[in-house]
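What the coordinates show
Letter by letter, the chains look like this.
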Amino acid sequence: MHMIPGIPNLRPAHLGLWLAALLVLLTANPARAEGEAVGILTEMVGTVRLLRGDSYLEVQRGVEVHPQDIVETGTNGSAQLDLKDGSVLKLGPGSRLALSDYKLDKNRNVVSASLDILTGWLRFAVSKLRKDDSKYRINAPSLTIGIRGTEGVVEAGNREGGVHLVTGRIEVGGLDAQGKPLPPVQVNAGEYIQRLQGQAFRRLPTPPPAFNNRVPRDVVLKLAAKPLKPGERPVIKPRVVRQLTRTEAQQIIQRHPHAQEILKRRFQPLLNPGAPDARLKGPTRPDGAPPVVSPIPGGIGGQIPPGRLAPVFQPPGDAKPVPPKQGLLPGTLSPPIPPGVPVPYPNVRPGVTPPKTKAVPGPSGVLPAKPGLAAPVGGVPAGTPAKKKDAQDTDASGQPDSSSATPPPHKPSATPNHPPPRKVIRMLMR
């Protein structure tokens, strides 16, 4: 039996299997990997934001877009996305688009694509699908569009929506008031179809004047790809601008009731930080929200922006966070105290001088022992009257009484003194 040089313990009979496996690894297309970029941002006007996971990323020409990304535009903004399959998307002002699903094969052809235009305006120019089993859908609050390769304009509102088809043919569907699928409607080039949520479709040969008056100028013009120029490179890792807050995630869900289930699953790690698959770890604030970490180095000691809470102290290891004592500010803890030492003032914050307290006679009229001083053995004879002081702590002349500033010397106890230890006696004899 002969061995192949350089490949120990590999028989010639197994060489074919080894080469076949190596060929599969070398010819595997990285574009099919989950989370791979499917396009880039080629134009941004006004306010544009890119939300990936729970982070807002910096937007500029050449920033790559991935499946599950959400692109948002302000009331004065617009954005264009050039996708790898040749499709082009243009968002109008006040819009929010989620790339819920976008899968390409090794030739950059669409296998399946699902876009959710949550609100606003979207002009689409989708390349013709190469395979019969490929699916390309655009979901709006009141209708769903099945596309095989065409161009048109979508208006998405929470309770109404419409589509003006420029070229090609589409199939429009939706759900009735009981949540059952409606029969699909074929729409041809030039036609307009509108639907109020829970009602039937209304198809017109041309868009109505009201639609033409509402459509923004940014989505009127015919779409054309704007590829990067020679020397321009995609921005693979854009800078994180800030983190999405729990309140913002809840607001997004509330503004889009038709997509609540999808958005809840998307923001589940942020809404439920204690879940097993949550990405945000650590204790929560008193209101149940996740901790807000200060972006400035120094943590609690640094300057925290107004309106944001300091992070709650988290002990190392598996120890549970120690809740603050009564009277302390949220997010702060008293300094550690050695074991066995009592807490003198548990309701006073660290660094604050405790206020003076007045001795109050007990039930028998006897003053209690001052803090830190041992009471005489045998106590004070019953019936001994306590020294009376008025509320203003003044003396007979009306001036503030300073006698309470320095406590009187403590009288030794009547108990006989015990002899000192032997070690002390030896030291004294020396």
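Computed from a predicted structure; not experimentally measured. Every chain is numbered on its own, with residues counted from 1 as its sequence reads. Given that this is a predicted model, residues contribute local features only at a pLDDT of at least 70 and side-chain atom pairs are listed and counted only at 80 or more, while totals for whole chains, interfaces and linings are drawn from all residues. Each side-chain value is worked out from all heavy atoms of the structure, with water and hydrogens disregarded.

Considerations on the overall build of the protein chain
This is how it is decided: Secondary structure is summarised from DSSP: a helix means a run of H or I of at least four residues, a strand means a run of E of at least two, and numbering begins at the N terminus for each. Whether two residues touch is decided by their heavy atoms; if any such pair falls within 4.5 Å, the residues are in contact.
Regarding its fold elements, the protein chain presents 6 helices and 18 strands. Within the protein chain, counting contacts between residues at least 6 apart in sequence, those at least 24 apart form 47% of the total.

Some thoughts on the environment of Pro216
The criterion, for reference: Accessible area is worked out with a 1.4 Å probe on protein chains only. A residue is then buried under 20% of its type maximum, exposed over 50%, and partly exposed in between.
Take Pro216: it is sitting in the loop between helix H2 (209-214) and strand E18 (240-243). A residue is classified by how much of its surface remains accessible, and Pro216, at 13% relative accessible area, is buried. Expressed as a C-alpha distance, the spacing of Pro216 and Gly92, which sit 124 residues apart in the sequence, is 6.7 Å. Beyond its immediate sequence surroundings of up to four residues, Pro216 is in contact with Pro93 and Trp121.

Concerning the nonpolar core
Definition in use: Throughout this description, the term nonpolar core refers to a set of buried Ala, Val, Leu, Ile, Met, Phe, Trp, Tyr and Cys residues connected via side-chain atoms within 4.5 Å.
Core analysis: the largest hydrophobic core is formed by 41 residues, its most contacted members being Leu89, Tyr102, Ile117, Tyr136 and Ile138. Looking at this core, the element that brings in the most residues is strand E9 (residues 110-125), giving 6 residues. If near-sequence neighbours (up to four positions away) are discounted, Ile138 is found in contact with Leu115, Ile117, Leu122, Phe124, Leu143, Thr144, Ile145 and Ile147. In terms of nonpolar packing, the next biggest core, distinct from the first, is built from 14 residues, Ala98, Ala249, Ile252 and Leu270 among them.

A closer look at the pairing of strand E14 (residues 169-173)
For clarity, the cut-off: The rule for pairing is simple: two strands pair if DSSP sees at least two bridges between them.
Note that strand E11 (residues 144-147) and E14 share 4 bridges and pair antiparallel. Note that in E14 the partner of Ile145 across the bridge is Val172. With 4 bridges connecting them, E14 and strand E15 (residues 185-188) associate as antiparallel partners. For Val172, the partnering residue across the bridge sits in E15 and is Val185.

Description of the environment of Ser112
Under the convention used in this document: Counted as a polar contact is a pair of N or O atoms within 3.5 Å, where, for protein atoms, one must be capable of donating a hydrogen and the other of accepting one, and residues adjacent in sequence contribute only when both atoms are in side chains.
Relative to the helices and strands, Ser112 resides in strand E9. Taking the C-alpha atoms as reference, Ser112 lies 5.8 Å from Tyr136; in sequence the two are 24 residues apart. The contact partners of Ser112, leaving out residues within four places of it in the chain, are Asp101, Tyr102, Lys103 and Lys135. Within the structure, Ser112 has its side chain in polar contact with the side chain of Asp101 (distance 3.1 Å).

As for the packing of aromatic side chains
Which entries qualify depends on this criterion: Within 6.5 Å between ring centres, the rings of Phe, Tyr and Trp (the latter by its six-membered ring) count as paired, and their orientation is classed by plane angle as stacked under 30 degrees, edge-to-face over 60, tilted in between. Charge-over-ring placement is defined geometrically: NZ (Lys) or CZ (Arg) within 6 Å of the ring centre, and within 35 degrees of the ring normal.
Per the stated rule, a full pass over the model turns up 3 aromatic pairs. A ring pair is formed by Trp121 and Phe211, whose centres lie 5.6 Å apart and whose planes are at 50°; its orientation type is tilted. Of this pair, Trp121 sits in strand E9 while Phe211 sits in helix H2, and the two are 90 residues apart along the sequence. Neither residue differs from the other here; Trp121 and Phe211 are each classed as buried. Judged by centre distance (4.9 Å) and plane angle (50°), the rings of Tyr192 and Phe211 are tilted. Highlighted residues: Tyr192 in strand E16 (residues 192-196) and Phe211 in helix H2, separated in sequence by 19 residues. An aromatic cluster of at least three residues, connected via ring pairs, comprises Trp121, Tyr192 and Phe211. For Arg195, the ring lying beneath its charged end belongs to Phe201, and the centroid distance is 5.4 Å.

As for the pattern of salt bridges
Pairs can form between side chains of opposite charge once their charged atoms are near each other. Short version of the rule: We define a salt bridge as a contact between a side-chain nitrogen of Lys or Arg and a carboxyl oxygen of Asp or Glu at a distance within 4 Å.
In the structure shown here, the tally under the stated rule is 14 salt bridges. Among the salt bridges present, the one from Glu151 reaches Lys222, with a minimum N-O distance of 3.1 Å. Here Glu151 is found in strand E12 (residues 151-156), whereas its partner Lys222 is found in the loop between H2 and E18, with 71 residues between them in sequence. A salt bridge links Arg203 to Glu191, with the nearest nitrogen and oxygen atoms 4.0 Å apart. You can see Arg203 sitting in strand E17 (residues 201-204) and its partner Glu191 sitting in the loop between E15 and E16, a full 12 residues away along the chain. Given the relative accessible area of 45%, Arg203 is considered partly exposed. Here the salt bridges share partners, and the residues they tie into one network are Glu43, Lys90 and Lys226.

Quick look at the side chain of Gln80
Position of Gln80 among the secondary structure elements: in strand E6 (residues 78-83). Here Asp82 takes part through its side chain, which lies 3.1 Å from a polar atom of the side chain of Gln80. Residues within four places of Gln80 in sequence aside, it is in contact with Ile40, Leu41, Thr42, Glu43, Val88, Leu89, Lys90, Leu223, Ala224, Ala225 and Lys226.

A closer look at the side chain of Glu72
Mapped onto the elements, Glu72 comes out in strand E5 (residues 70-73). Of the residues examined, Glu72 reaches a relative accessible area of 4% and is grouped as buried. Within the local environment of Glu72, its side chain forms a polar contact with the side chain of Arg96, the two groups lying 3.1 Å apart. Setting aside residues no more than four positions away along its own chain, Glu72 makes contact with Thr47, Val48, Arg49, Leu51, Tyr56, Ser95, Arg96 and Ile252.

Digging into helix H3 (residues 246-255)
To keep it simple, the criterion reads: The arc in question is the one spanned by the directions pointing from the helix axis to the C-beta atoms.
Of the residues making up H3, those classed as buried are Ala249, Ile252 and Ile253. End-on, the buried residues of H3 take up no more than an arc of 100°, which puts them together on one face. The inward-facing, buried residues of H3 contact E5, strand E8 (96-104), helix H4 (260-266) and helix H5 (268-271).

What to know about the pairing of E17
Pairing between E16 and E17: 4 bridges, direction antiparallel. Across the sheet, residue Gln194 finds its bridge partner in E17, namely Arg202. Counting the residues that bridge the hairpin from E16 to E17 gives 4 residues, and of these Gly198 lies at a positive phi of roughly 85°.

Observations concerning the confidence of the model for the protein chain
Parts of the prediction with low pLDDT should not have their coordinates interpreted in detail. Rules: Each residue carries a pLDDT value, the predictor's own confidence for that position, ranging from 0 to 100.
Summary statistics for the protein chain give a mean pLDDT of 73 and a share of 55% for residues scoring 70 or more. Between residues 277-322, whose pLDDT stays under 50, and residues either more than four places distant or in other chains, the model counts 57 contacts. For the stretch residues 386-399, pLDDT sits under 50, and the model shows 17 contacts to residues farther than four places along the chain or on other chains.

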